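# Reading the structure
Here is how the chains run, residue by residue.
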Amino acid sequence: MNATSFDPAPDQDPEEALAPGRIVLLTTSHRVAPGLLSWAAWQVLHAADRVLCADGAHPQLPYLREAGIRVDDASPTAEELVAACAGGRTVVVVATGEGEPALTDGLARLAGSGRVSMPELELLPASYDLPGARLLDLVQVMDRIRAECPWSSQQTHKGLAKYGIEEAYELVEAIEDGDRDELREELGDVLLQVVFHSRIAEEDPDAPFSIDDVAGGIVAKLIHRHPHVFGDETASTPEEVKEHWLRTKAIEKQRESVTDGIPLGQPGLALASKLASRVRTADLEVPLPTGEGIGYELLALAARAEAEGVDPEAALRVAARTYRDAVRRAEGLER
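Residues numbered from 1 in each chain as written. Predicted model: local features only at pLDDT ≥ 70, side-chain atom pairs only at ≥ 80, totals over all residues. Heavy atoms only, no water.

Here the focus is the pairing of strand β4 (residues 90–94). Taken across its five residues, β4 has five buried, putting it largely inside the fold. Residues of β4 alternate between two faces, with T90, V92 and V94 on one and V91 and V93 on the opposite face, all of them buried. Here strand β1 (residues 22–27) runs beside β4; their pairing, made up of five bridges, is parallel. Note on β4: the bridge partner recorded for I23 is V91. (Buried < 20%, exposed > 50% of the residue type's maximum accessible area, 1.4 Å probe, protein only. Helix = DSSP H or I, 4+ residues; strand = E, 2+ residues; numbered from the N terminus. Pairing = 2+ DSSP bridges.)

Bringing the packing of aromatic side chains into the picture now. Any pair of aromatic rings gets described here by the distance separating the centres and the angle formed by the planes. Following the criterion strictly, the structure yields two aromatic pairs and no others. Seen from their ring centres, W151 and Y163 are 6.3 Å apart, and the 75° between their planes marks the pair as edge-to-face. With W151 in the loop between α5 (134–148) and α6 (157–177) and Y163 in helix α6, this pair connects stretches of sequence that are 12 residues apart. On the basis of relative accessibility, which here comes to 45%, the residue W151 falls in the partly exposed class. A ring pair is formed by W151 and F196, whose centres lie 6.5 Å apart and whose planes are at 65°; its orientation type is edge-to-face. Taken as a pair, W151 in the loop between α5 and α6 and F196 in helix α7 (residues 180–201) lie far apart in primary sequence, 45 residues in all. Given a relative accessible area of 5%, F196 falls into the buried group. An aromatic cluster of at least three residues, connected via ring pairs, comprises W151, Y163 and F196. The ring of W245 carries R225 above its face, with NZ or CZ at 4.8 Å from the centroid. (Phe/Tyr/Trp six-rings, centres within 6.5 Å; stacked < 30°, edge-to-face > 60°. Lys NZ or Arg CZ within 6 Å of the ring centre and 35° of its normal.)

As C-alpha cells, then:
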C-alpha cells in the first residue's frame, strides 16, 4: 500500500466497528543499530493487525520485513487511523525521525472534541538511548562542520589553543557564580574543544588519533588508577584514594623529578601551589628560596595556602571579585 492510498478498515462487520481498538506509536533511536528492538516492541509488532510507516526508507523496515512483519507504506490522517482501529484492531505506526507531530496533533484534537470514540493510545519506545548517546551526535556534527565550514576546516591545534584556555576560565567562573545554566553551557564549550581537537587529529598524516582513542585512553587510565573500584585494593577515605592515584601515576610516568609534568605556563599562584604540593607529597625538605621582590612573597603565600588546604588561585579570585564589587559600588553601579 502506498502513502497516497489508505483503506482505514477493510472488510469490517458493522457491529465489530463499534470497538475502538488500539493505536501504538512505535519510536526508535537512530543512535541504536536498526533491528535492535525491545522484546515488548517485537511482541506488539507481531500481534498487530496492521503496521504502518510513512517513510519507505525507514532504517527499521528491512529488519521488520525480515522478521515476517508486513509494513504498509502509508501516511493516514488521524481520522483514518482511528477508523482503521475500529473493531478492536491494533494498528502500529512506526514513527519517522520527526515523531509524527501532525498525526499526534490530529489525534489530540479528535480526543479533545469528545465526538469520537477514541482507541487506546500508547507510545512505545522500541529502542532507548544509553547515557552519553548524544555524544555520538556531537561527533557527527563536528565531522560535518570540519568538512563544510570554511573557518572550522582551516583550524589547527595551535590555532585553537587559546580557546581552550578561555573556555576553561569561563567554566571556572560559572562554577564560582553558582549559575547552573551557565555551568551546563560552559561544560559544553569545553567538551567542544576536546571533540574539535580530536577531529583535527584524525587528519594527521604521521600520528592520527580519533575521539575514540582519546576516550579509550582516559577509560584505561581511570580503571588503572582506581584499583579500589575495579581491582582488589580497598579505600575508605579520600586520602586513601589519593594515595592509590599517586602511586599508580608514579608507576605509569616513571618520572625522574617530582616537578616533571607540571606545566610552567599555568598562572603563577597555581604553579607555586602545585610545586609545593609535589614537594610535600614526596616528603622532601626543600626550603623556599629567598630573595627580594614581591614574587618571593607571593611564592611563600602560595606555599602556605597549599599547606593549609587552600587553593591560592581560587582564594585570590574571591578576593578580587569582592574588590570588583566594591569598585562598582564606588562608581554608583551597585548598591
